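In case you want the letters, here they are:
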Amino acid sequence: VGPFQIDNQLKCVYLNEKLISLTCKEFKLFEKLANDVDRVISDEEIINCLWPGNSLFLLGFDFSSLHLLRKKIEDNPKKPMWITTVKGFGYRLLV
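Residues numbered from 1 in each chain as written. Predicted model: local features only at pLDDT ≥ 70, side-chain atom pairs only at ≥ 80, totals over all residues. Heavy atoms only, no water.

**Q** Would you explain the pairing of strand β2 (residues 12-15) in this entry?
**A** Pairing geometry for strand β1 (residues 4-7) and β2, over 4 bridges, is antiparallel. Residue glutamine 5 lies in a different strand from β2, and its bridge partner there is tyrosine 14. Counting the residues in the hairpin turn of β1 and β2 gives 4 residues, including lysine 11, whose phi is positive at 55°. Bridge count for β2 against strand β3 (residues 18-20) is 3 bridges, and the pairing is antiparallel. Residue pairing for β3: tyrosine 14 is matched across the bridge by leucine 19. If you look at the hairpin formed by β2 and β3, you'll find 2 residues sitting between the two strands, and asparagine 16 has a positive phi there, around 50°. (Pairing = 2+ DSSP bridges. Helix = DSSP H or I, 4+ residues; strand = E, 2+ residues; numbered from the N terminus.)

Right under this line is the structure:
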């Protein structure tokens, strides 16, 4: 997927052939975004992916997994070029 390589067997992601150390939740989130590149993934879809069947996370969830993932893959997490926010709709992976 663009400059990213996903190893589903080892559950790891490489950016330009450099290993990015991800937690289980971060890997699931990246995998969700990468499975449908350029499509906006809603907050609800992300929550259902990371915490299936737990609607309590819909209330006041802060998306710390997304923030931490951005810190690991973006050169400047405050101005992301890979994982972008689509205000009012969700997030997408651009490649």
